Amino acid sequence: MGAIAVLSGPGGVGKGTMIARLRDRLAGWTVAVSATTRAPREGERDGMEYHFVSDDEFDRLIADGALLEWARFGGNRYGTLWDSVRGPLADDRCVLLELEIHGALAVRKEFPEATLIFLHPPSLDALTSRLRQRGTDDDRRVAERMALAEWELAQADAFDHHVTNDDLDAAAAQIVRILVDAAGD
Ligand code: 5GP
């Protein structure tokens, strides 16, 4: 039987990098591709990291009931396509979602058996410097994102597993073990 797992954590903790690291290491798992209204970053391809859609297209996905959940983040909308979850599950594959916190909690409502993994920063200081290093954010935006991160970190108790992202490879190995267990249940 397929399983469903969510990797979540505060913005800036390195979820995207972690997913890229995990991609080839997870036999039997499919990483779900979400829809977003944000513009592609350099190197991102439509249908790989995201389905990049216009605001109108996103409205239509909501109206059509095509989204399991959706959330606003950093001025853009992101949503999990039902097809990206039901497709792999129907093929007895496991599906891994990478979502901000609201999305993870919404998946738990739909799939109480989902495995929720919270990726922690090594420290609050480390998260602040990561948010600053992103370079695209001015001081006010960094302060807003830190306030959001404090709220996000306070939601960690709702998650089943906790992994600290201090060493990328060690953290990836820990997540692989959690997912192998989840698939075997
Ligand atoms: P980014 O723009 O950096 O790729 O993603 C911004 C945030 O949106 C990240 O925290 C990411 O986990 C989250 N995210 C990506 N796809 C989805 C989705 O389908 N639903 C929700 N709720 N969050 C998402």
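Look above for the structure.
Residues numbered from 1 in each chain as written. Predicted model: local features only at pLDDT ≥ 70, side-chain atom pairs only at ≥ 80, totals over all residues. Heavy atoms only, no water.

> Looking at this model, I keep getting lost on the nonpolar core. Mind explaining?
As a rule of thumb, soluble globular proteins bury nonpolar side chains together. Leu7, Met18, Leu22, Trp29, Leu96, Ile175 and Leu179 are the most contacted members of the largest nonpolar core, which has 24 residues in total. Contributing elements (two or more residues each) for this core: strand 1 (4–8), helix 1 (15–22), strand 2 (29–31), strand 7 (94–98), strand 8 (115–120) and helix 7 (168–184). No other element matches helix 7, which puts seven residues into this core. The residues touching Ile175, leaving out its near neighbours within four places in the chain, are Leu7, Met18, Leu22, Ile117, Leu119 and Val163. (Core = buried A, V, L, I, M, F, W, Y, C linked by side-chain atoms within 4.5 Å. Buried < 20%, exposed > 50% of the residue type's maximum accessible area, 1.4 Å probe, protein only. Helix = DSSP H or I, 4+ residues; strand = E, 2+ residues; numbered from the N terminus. Contact = heavy atoms within 4.5 Å.)

> I keep staring at the environment of Asp55 and nothing clicks. Help me out?
Residue position: Asp55 is located in helix 2 (residues 55–63). When the C-alpha atoms of Asp55 and Asn76 are compared, they prove to be 9.2 Å apart, with 21 residues separating the residues in sequence. Each residue touching Asp55, except ones within four places of it in the same chain, is listed here: Thr37 and Arg77. Within the structure, the side chain of Asp55 is placed 2.8 Å from the side chain of Arg77, a separation counted as a polar contact. (Polar contact = N/O pair within 3.5 Å; in protein donor to acceptor, adjacent residues only side chain to side chain.)

> Can you help me understand the site of the ligand in this one?
If you check the shell around the ligand, you find 15 residues, and the closest are Ser34, Arg38, Tyr50, Tyr78 and Glu98. One of the side-chain N or O atoms of Arg41 is found 3.0 Å from an oxygen atom in the ligand. Taking Glu98, its side chain carries an N or O atom lying 2.5 Å from an oxygen atom of the ligand. The protein chains hide 92% of the 510 Å² of surface that the ligand would expose on its own. Going through the elements one at a time, strand 5 (67–73) and strand 6 (76–81) are the ones with two or more residues in the shell around the ligand. Grouping the amino acids of the shell around the ligand by side-chain chemistry returns five nonpolar, four polar and six charged. (Near = heavy atom within 4 Å. Areas by Shrake-Rupley, 256 points an atom, 1.4 Å probe, with all protein chains shown as cover. Nonpolar A, V, L, I, M, F, W, Y, C, P; charged D, E, K, R; others polar.)

> Looking at this structure, how should I read the packing of helix 5 (residues 124–133) against helix 6 (residues 139–154)?
Two packed helices can be described by the angle between their axes and the distance between those axes. Close contact between helix 5 and helix 6 brings their axes to 10 Å; oriented N to C, the two are set at 145°. Relative to helix 6, the crossing made by helix 5 is right-handed. Contact with helix 5, carried on its side by Leu124, Leu127, Thr128, Leu131 and Arg132, involves Asp139, Val142, Arg145, Met146, Ala149, Glu150 and Leu153 of helix 6 and no other residues of that element. Of the residues contributing to the contact of helix 5 with helix 6, the split by class is seven nonpolar, one polar and four charged. (Axes fitted to C-alpha atoms, helices over the stretch in contact; angles between N-to-C directions. Left-handed = near helix turned anticlockwise from the far one by under 90°.)

> Help me out: how do you make sense of unusual backbone geometry in this one?
What is expected of a backbone is that most residues other than glycine have negative phi and most peptide bonds are trans. With phi around 60°, Asp92 is a residue other than glycine that occupies positive phi space. Tracing the chain through its elements places Asp92 in the loop between helix 3 (82–90) and strand 7. For Asp92, a relative accessible area of 52% corresponds to the exposed category.

> I would appreciate a short explanation of the side chain of Glu100 in the present structure.
With respect to the helices, strands and loops of the structure, Glu100 is situated in the loop between strand 7 and helix 4 (101–110). Lys15 is the oppositely charged side chain nearest to the buried, salt-bridge-free Glu100, at an N-O distance of 8.1 Å. Dropping the residues within four chain positions of it, Glu100 is found in contact with Ser8, Ala71 and Phe73. (Lys, Arg positive; Asp, Glu negative; His and termini not counted. Salt bridge = Lys/Arg side-chain N within 4 Å of Asp/Glu carboxyl O.)

> What is the right way to read the environment of Glu100 from this model?
For Glu100, a relative accessible area of 14% puts it in the buried group. Residues Glu100 and Glu152, 52 residues apart in the sequence, show an inter-C-alpha distance of 8.6 Å. Within polar-contact distance, the side chain of Glu100 engages the backbone nitrogen of Gly103 at 2.7 Å.

> Please explain the side chain of Thr115 as it appears in this structure.
Within the secondary structure layout, Thr115 lies in strand 8. Judged by relative accessible area, which is 13%, Thr115 ranks as buried. With residues near it in sequence (within four places) discarded, Thr115 still touches Ile4, Ala5, Val6, Asp160, His161, Ile178 and Ala182.

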